[in-house]
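# Structure assessment
Residues per chain, in single letters:
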Amino acid sequence: MDSDKRFDFTSLVTGLGLIAVSVLVLANPAATFVTISMVLGVVALLRGAQLLFSYYKLRQLADIRIQFTLAAGLLLVIAGFVLLLAPGVLGSLLGFLIAAWFIVDAASSLFRLNIVRPFGDFIFYLTLFLSLLLLIGGVVLLFNPMFIGSLISVVVGISLLASGIQCILMAFMSRSN
């Protein structure tokens, strides 16, 4: 072996670890989403507590910003407890919000189809097709809001897999300075 080349065991171990985690994430996306929700719950609790502490220190100021700090702190603490005690709520709320967005956006595009008509049949039918696709996606999410949680988990799993493969490749290609 050339003295300039050195195998990077750290990258290999990191890569194998990332691939192992990606397999776990992809094998059980619901558990991954629950874990993400719980981590966000802890973060919301900590940030809420920090805001409440800031309010307590500055409560003698009668400024609206201080009152907003109190309200934001309380909301974050409540959100944190909800996410910790019922982690599926995040997926449901996120799914419903995105479903509503897709449905409203699709309806808006369908109502404005006459505006794109003068630009030709291709643009008209493409806009119609994309609007209907968006509407279908919104309706699917409306009746299955947890789908968005699984989708996020799959994206995370694939990203971890790609990162793990990249680390393993780097282990074999690394050179010392």
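Before reading further, recall that the structure is shown in the block above.
This write-up is about the structure you can find in this document. On a predicted model such as this, the values are computed, not experimentally measured, just so you know.

## As for the overall build of the protein
Looking only at helices and strands, the protein features 7 helices and 0 strands. Across the protein, helices and strands are ordered from the amino to the carboxyl terminus as α-α-α-α-α-α-α. By its C-alpha atoms, the protein is 70 × 65 × 30 Å across when sized along the principal axes. Considering only contacts within the protein whose residues lie at least 6 apart along the sequence, 79% involve residues at least 24 apart. Just so you have it, the protein exposes about 11800 Å², and 76% of that area is on carbon and sulfur atoms.

## Regarding the packing of helix α2 (residues 29-58) against helix α7 (residues 147-173)
Running from N to C, α2 and α7 cross one another at 95 degrees; their axes reach a closest spacing of 8 Å. Here α2 lies roughly perpendicular to α7, going by the angle between them. Every residue of α7 that contacts α2 at P29, T32, F33 and I36 is listed here: G149, S150, I152 and S153. Its residues placed into classes, the contact of α2 with α7 shows 4 nonpolar, 4 polar and no charged.

Analysis parameters
- Residues numbered from 1 in each chain as written.
- Predicted model: local features only at pLDDT ≥ 70, side-chain atom pairs only at ≥ 80, totals over all residues.
- Heavy atoms only, no water.
- Helix = DSSP H or I, 4+ residues; strand = E, 2+ residues; numbered from the N terminus.
- Contact = heavy atoms within 4.5 Å.
- Areas by Shrake-Rupley, 256 points an atom, 1.4 Å probe, with all protein chains shown as cover.
- Axes fitted to C-alpha atoms, helices over the stretch in contact; angles between N-to-C directions.
- Parallel < 35°, antiparallel > 145°, perpendicular 65-115°, else oblique.
- Nonpolar A, V, L, I, M, F, W, Y, C, P; charged D, E, K, R; others polar.

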